[in-house]
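Coordinates in review
Each chain, letter by letter, is given below.
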Amino acid sequence: MRQDITDRSERELRYGRGDRTATAPGPRTSLPPLTYVAFGERPLRRLPQLFIGLALYGCSLSLMVRASLGVNPWSVLYEGLAGHTTASFGTISAVLGVLVLLLWIPLEQRPTFGTVANIVVLACSSDLGLLLVPSHLGLPARIVLLVCGVLLNGLSVAVYVGARFGPGPRDGLMTGVSAATGRSLRLVRTLMEIAVLAVGWLLGGSVGAGTALYALAVGPTTQFFMPRFAYRSRRRDGSV
């Protein structure tokens, strides 16, 4: 399944396996396609970037949780479920990641190495971050944690997505639904985030200023860092 998407922000999220479109070499600040690149292409260059990005992403979630000023929609859901189970934050994120993968089946989406790594590394790094970062801090320290968490989140997305090992479970669901329905990625992602946020809030997850800050800042932050970390494939992008 392929879909022509003209909006720049939507093109940045495409991961189709069969997309072979070549682009001319450009400056380091230009953005190459973010389509899937085969595992065997320069793995020693790309694997560290993938794992570092995912580890930083998990840490960014833990910073926002410890700030207690509101988290991103999926973390709201994780927090809400954690309040009703004995499972840890990271374990819940991993379980939901696997459940989301099941929704890929009717959409004919196929997981990649990056998809599996996303589930495992995020679960471990977010739990580790929650162990290392103290809770019940004063308001100034919590504000610092929140701001650092949001900025680190945007950076980490650029790092791990830029490695081009394929989408995580949630991004894959988004692109699959978009391709199946013909709706824009922006609309599909927005509806997904609203639904997840609503369920998480009803379950008791924390919604606050941090949730709004995340919604406003993570996109521009990711877009700023993405050209600096996106892997340029010699085989597919015409890069040098």
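Calculation criteria
- Residues numbered from 1 in each chain as written.
- Predicted model: local features only at pLDDT ≥ 70, side-chain atom pairs only at ≥ 80, totals over all residues.
- Heavy atoms only, no water.
- Phe/Tyr/Trp six-rings, centres within 6.5 Å; stacked < 30°, edge-to-face > 60°.
- Helix = DSSP H or I, 4+ residues; strand = E, 2+ residues; numbered from the N terminus.
- Buried < 20%, exposed > 50% of the residue type's maximum accessible area, 1.4 Å probe, protein only.
- Core = buried A, V, L, I, M, F, W, Y, C linked by side-chain atoms within 4.5 Å.
- Contact = heavy atoms within 4.5 Å.
- Salt bridge = Lys/Arg side-chain N within 4 Å of Asp/Glu carboxyl O.
- Polar contact = N/O pair within 3.5 Å; in protein donor to acceptor, adjacent residues only side chain to side chain.
- pLDDT = per-residue confidence, 0-100.

1. Structural notes on the packing of aromatic side chains
This model, assessed by the stated rule, comprises eight aromatic pairs. Here Phe39 and Phe113 contribute two aromatic rings whose centre-to-centre distance is 5.1 Å and whose plane-to-plane angle is 70 degrees, an arrangement assigned as edge-to-face. Taken together, the residues span a long stretch of sequence, with Phe39 in the loop between helix H1 (8-11) and helix H2 (43-67) and Phe113 in helix H5 (residues 113-132) at a distance of 74 residues. In this structure Phe113 comes out as partly exposed when scored by relative accessible area, which is 36%. On the numbers, 6.5 Å between centres and 50 degrees between planes, the contact of Phe225 with Phe229 is tilted. On the criterion of helical spacing, the pair formed by Phe225 and Phe229 is a turn pair, its members being four residues apart in helix H9 (residues 209-229). Phe225 gets classed as partly exposed once you look at its relative accessible area, which sits at 23%. The exposure class assigned to Phe229 is partly exposed, which follows from its relative accessible area of 28%. Through successive ring pairs, a cluster of aromatic residues spans Phe39, Phe51, Phe113 and Phe165.

2. Some points on the nonpolar core
In this structure, Leu50, Leu54, Tyr57, Met64, Trp74 and Tyr160 are the most contacted members of the largest nonpolar core, which totals 50 residues. Among the elements that take part in this core, H2 stands out by supplying nine residues, more than any other. Residues contacting Met64, with those up to four places away along its chain left out, are Gly70, Val71, Asn72, Leu146, Gly149, Val150, Asn153 and Tyr214.

3. Re the pattern of salt bridges
Counting across every chain of the model gives two salt bridges. A salt bridge links Arg189 to Asp171; its shortest N-O distance comes to 2.6 Å. Here Arg189 is found in helix H8 (residues 185-202), whereas its partner Asp171 is found in helix H7 (residues 169-181), with 18 residues between them in sequence. Note that Glu193 is salt-bridged to Arg189, the shortest N-O span being 2.9 Å. Here Arg189 and Glu193 lie together in helix H8, a separation of four residues that amounts to about one turn. Residue Glu193 is classed as buried on the basis of its relative accessible area of 16%. Overlapping salt bridges, with partners in common, bring together Asp171, Arg189 and Glu193 in one network.

4. Section: the side chain of Thr222
Assignment of secondary structure puts Thr222 in helix H9. You can call Thr222 buried: its relative accessible area is 12%. Separated by 2.8 Å, the side chain of Thr222 and the backbone oxygen of Val218 make a polar contact. Setting aside anything within four residues of it in sequence, one finds Thr222 in contact with Gly154, Val157 and Ala158.

5. Description of the confidence of the model for the protein chain
Interpretation of the predicted coordinates at a detailed level should be avoided for regions scoring low in pLDDT. Averaged over the protein chain, the pLDDT score is 86; the fraction of residues at 70 or greater is 85%. Taken element by element, the protein chain is modelled with least confidence in H1, mean pLDDT 44, and with most confidence in H2, mean pLDDT 97. Ignoring residues within four places in sequence, the model shows residues 1-27, a span with pLDDT below 50, making 62 contacts including any to other chains.

6. Some points on unusual backbone geometry
Positive phi, normally seen in glycine, also occurs at Glu108, with a value near 60 degrees. Phi at Arg164 is positive, roughly 65 degrees, even though this residue is not glycine. Take Arg164: it is sitting in the loop between helix H6 (139-162) and H7. Accessibility expressed as a relative area gives 0% for Arg164, which makes it buried.

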